[in-house]
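What the coordinates show
Chain by chain, the residues:
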Amino acid sequence: MNRQITLASRPAGYPKESDFNLVEVPIPKPENGQVLAKTIYLSVDPYMRGRINAAKSYAAKVEIDEVMVGSVIAQVIESKHPNFEVGDIVNANIGWQEYGVTAGDGLRKIDPTIAPISTGAGILGMPGLTAYFGLLDVGQLQTRETVFVSGAAGAVGSVVGQIAKIKGCRVVGSAGTDEKVDYIVNELGFDAAFNYKEVSDYHTELQTLLPDGIDVYFDNVGGEITDAVFLNLRIKGRVVICGQISQYNLEKPETGPRFLWHMITKRARIEGFLVSEYADQHPEALVEMSEWLRQGKLKYRETIEEGGIENAPAAFISMLKGGNIGKQLVKIAELD
């Protein structure tokens, strides 16, 4: 049998484990042009929160009793596709389940000789690619600029800061615990960081750590930290909107200061993006990032929830509350 996690109810505020169901169905059979994949690692990510809201999102929402959306690292155990063989390791979008059938155009092969296969869902997967294109293409990063990253200890933010350092920039980050601050400064090489839960005046903190202002702000968080950044942007600064995790679980929208007039005086730019827009450039970016990883210029950490598919909801909720450092994964099975 195939165990799946389906959506039981739409959350109000932070999701609860009771918003999900564990169900069993027969293992599916692949048709021509498809493969049957067994999940090894399940990725849980902030974007999933928006996909279980009642309101429309940028992509199709998950319906009640539908399998939760998500990406996995999986092993092909049956193939009716000419480009994939039994035993291949793939990144597949089959959702929160132990087995899934998918067509070849939805698969990316993972080379286990480059790095552990789990990295295909993290630093060498969607989060790493999000950091790469968000910073370099949307943010138009230039050498010796100053970069501020919110959510800097997460799967995306931690890579953003490291790429900025590779490009010769000064980098400051914010994170939610002293342990995370220590990690991004002493392990990842950020120039400075602060625990946002211990700071009451973000504007002053940013002025202290970035006295010459901010050229590129990579925003994973939104809210009061982002409000403060507008006051500290340099002329021609760029704000890259990747995520707004501080807002995802609010039962009532926050009201805040009206700071957009600063974008006039600073002649600055705000732009959001989706990493899927860069799909045709993903292979080229992964080659460069794999080389940085091999050279030791990129480091990563994973927070892995053991115990199988039934622990996916708890891991998801923990990630939304900041319980992870680096990429949050759920270990589902061992390789054959």
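Look up a bit, the structure's there.
These notes cover the structure that comes with them. This is a predicted model, so every value here is computed, not measured.

**A short note on empty space enclosed by the protein**
The method is simple in principle: a probe with the dimensions of a water molecule rolls over the atoms, and the space it marks as empty is what remains. Applying the stated criterion to the full structure yields one cavity of 30 Å³ or more. Considering the residues around the largest cavity, the lining is formed by Thr119, Gly122, Ile123, Ala155, Ser158, Val159, Tyr183, Tyr300, Arg301, Glu302, Gly326 and Lys327. Of the residues assigned to the lining of the largest cavity, the class counts are five nonpolar, four polar and three charged.

**With respect to the packing of helix 2 (residues 126-138) against helix 3 (residues 157-166)**
Any two packed helices are characterised by how steeply their axes cross, that is the angle between the axes, and by the distance between the axes. Two numbers describe how helix 2 lies on helix 3: the axes approach to 8 Å, and their chain directions differ by 50°. With respect to helix 3, the axis of helix 2 lies oblique. The handedness of the crossing between helix 2 and helix 3 is right-handed. Taken together, the residues of helix 3 that come into contact with helix 2 (itself represented by Gly128, Ala131, Tyr132, Leu135 and Leu136) are Val159, Val160, Ile163 and Ala164. Broken down by class, the residue content of the contact of helix 2 with helix 3 amounts to eight nonpolar, one polar and no charged.

**Quick notes on a negative patch on the surface**
A contiguous patch of negative charge, built from Asp178, Glu179, Asp182 and Glu198, is present on the exposed surface. Positionally, Asp178 belongs in helix 4 (residues 178-187). For Asp178, a relative accessible area of 56% corresponds to the exposed category.

**Focus on the environment of Asn53**
Mapped onto the fold, Asn53 is located in the loop between helix 1 (47-51) and strand 4 (72-79). Counting along the chain gives 41 residues from Asn53 to Ile94, while the straight-line C-alpha distance between them is 20 Å. Setting aside its immediate chain neighbours within four residues, Asn53 contacts Arg10 and Lys61.

**What to know about the side chain of Thr146**
Relative to the elements of secondary structure, Thr146 occurs in strand 8 (residues 146-149). Once residues lying within four places of it in the same chain are set aside, the contact partners of Thr146 are Arg170, Leu210, Gly213, Ile214, Asp215, Val216 and Arg234.

**A few points about the sheet that holds strand 9 (residues 170-175)**
On the basis of which strands lie adjacent, the open sheet formed by six strands has the order 10-9-8-11-12-13 and parallel pairing. Only two strands of the sheet have a single partner each, and these edge strands are strand 10 (192-195) and strand 13 (269-272). Adjacent strand axes in the sheet meet at a mean angle of 15° when their direction is disregarded. In terms of strand pairing, strand 12 (residues 233-241) meets strand 13 through four bridges, oriented parallel. Counterpart to Arg238 in the pairing with strand 13 is Arg269.

**Quick word on the environment of Gly223**
With respect to the secondary-structure elements, Gly223 resides in the loop between strand 11 (214-219) and helix 6 (224-232). In sequence terms Gly223 and Ala74 are 149 residues apart; their C-alpha atoms lie 36 Å from each other. Beyond its immediate stretch of four places on either side in the chain, Gly223 contacts Ser246, Gln247 and Glu254.

**Focus on helix 4**
Those residues of helix 4 not exposed but buried are Lys180, Val181, Tyr183 and Ile184. In an axial view of helix 4, the angular spread of the buried residues amounts to 160°, which keeps them on one side of the axis. Exposed side of helix 4, more than 90 degrees from the buried face: Asp178, Glu179 and Asn186 are the residues found there. If you follow the buried residues of helix 4, they end up packed against strand 9 and strand 10. Remark: Gly189 follows helix 4 within two positions and exhibits a positive phi of approximately 90°.

**A look at the layout of surface pockets**
The space that makes up the second largest pocket amounts to roughly 240 Å³. Around the second largest pocket sit Gly223, Glu224, Asp227, Phe230, Gln247, Glu254, Thr255, Gly256, Pro257, Arg258, Phe259 and Leu260, which together line it.

**A word on the packing of aromatic side chains**
Counted under the stated rule, the structure contains ten aromatic pairs. Judged by centre distance (5.4 Å) and plane angle (15°), the ring pair of Phe148 and Tyr217 falls under stacked. Highlighted residues: Phe148 in strand 8 and Tyr217 in strand 11, separated in sequence by 69 residues. Across this residue pair, the class does not change: Phe148 and Tyr217 are buried. Pairing Phe194 with Tyr202 gives two aromatic rings, centres 6.3 Å apart and planes at 35°, and the pair type is tilted. Tyr202 matches Phe194 in its accessibility class, with the two residues each being buried. One aromatic cluster in this structure is built from Tyr132, Phe133, Tyr278 and Trp292.

The rules we used
Residues numbered from 1 in each chain as written. Predicted model: local features only at pLDDT ≥ 70, side-chain atom pairs only at ≥ 80, totals over all residues. Heavy atoms only, no water. 1 Å grid on protein atoms, 1.4 Å probe; cavity = no way out; pocket = protein on both sides within 12 Å on 5 of 7 lines; lining within 4 Å. Points joined across faces, edges and corners; volume = space filled by probe spheres on them. Nonpolar A, V, L, I, M, F, W, Y, C, P; charged D, E, K, R; others polar. Axes fitted to C-alpha atoms, helices over the stretch in contact; angles between N-to-C directions. Helix = DSSP H or I, 4+ residues; strand = E, 2+ residues; numbered from the N terminus. Parallel < 35°, antiparallel > 145°, perpendicular 65-115°, else oblique. Left-handed = near helix turned anticlockwise from the far one by under 90°. Contact = heavy atoms within 4.5 Å. Patch = residues over 30% accessible without salt bridge, like charges linked within 9 Å, V, L, I, M, F, W, Y side chains within 5 Å. Areas by Shrake-Rupley, 256 points an atom, 1.4 Å probe, with all protein chains shown as cover. Salt bridge = Lys/Arg side-chain N within 4 Å of Asp/Glu carboxyl O. Lys, Arg positive; Asp, Glu negative; His and termini not counted. Charge placed at Lys NZ, Arg CZ, Asp CG, Glu CD. Buried < 20%, exposed > 50% of the residue type's maximum accessible area, 1.4 Å probe, protein only. Pairing = 2+ DSSP bridges. Arc of directions from axis to C-beta. Phe/Tyr/Trp six-rings, centres within 6.5 Å; stacked < 30°, edge-to-face > 60°.

From the geometry alone we can't say anything about function, so treat these as descriptive.
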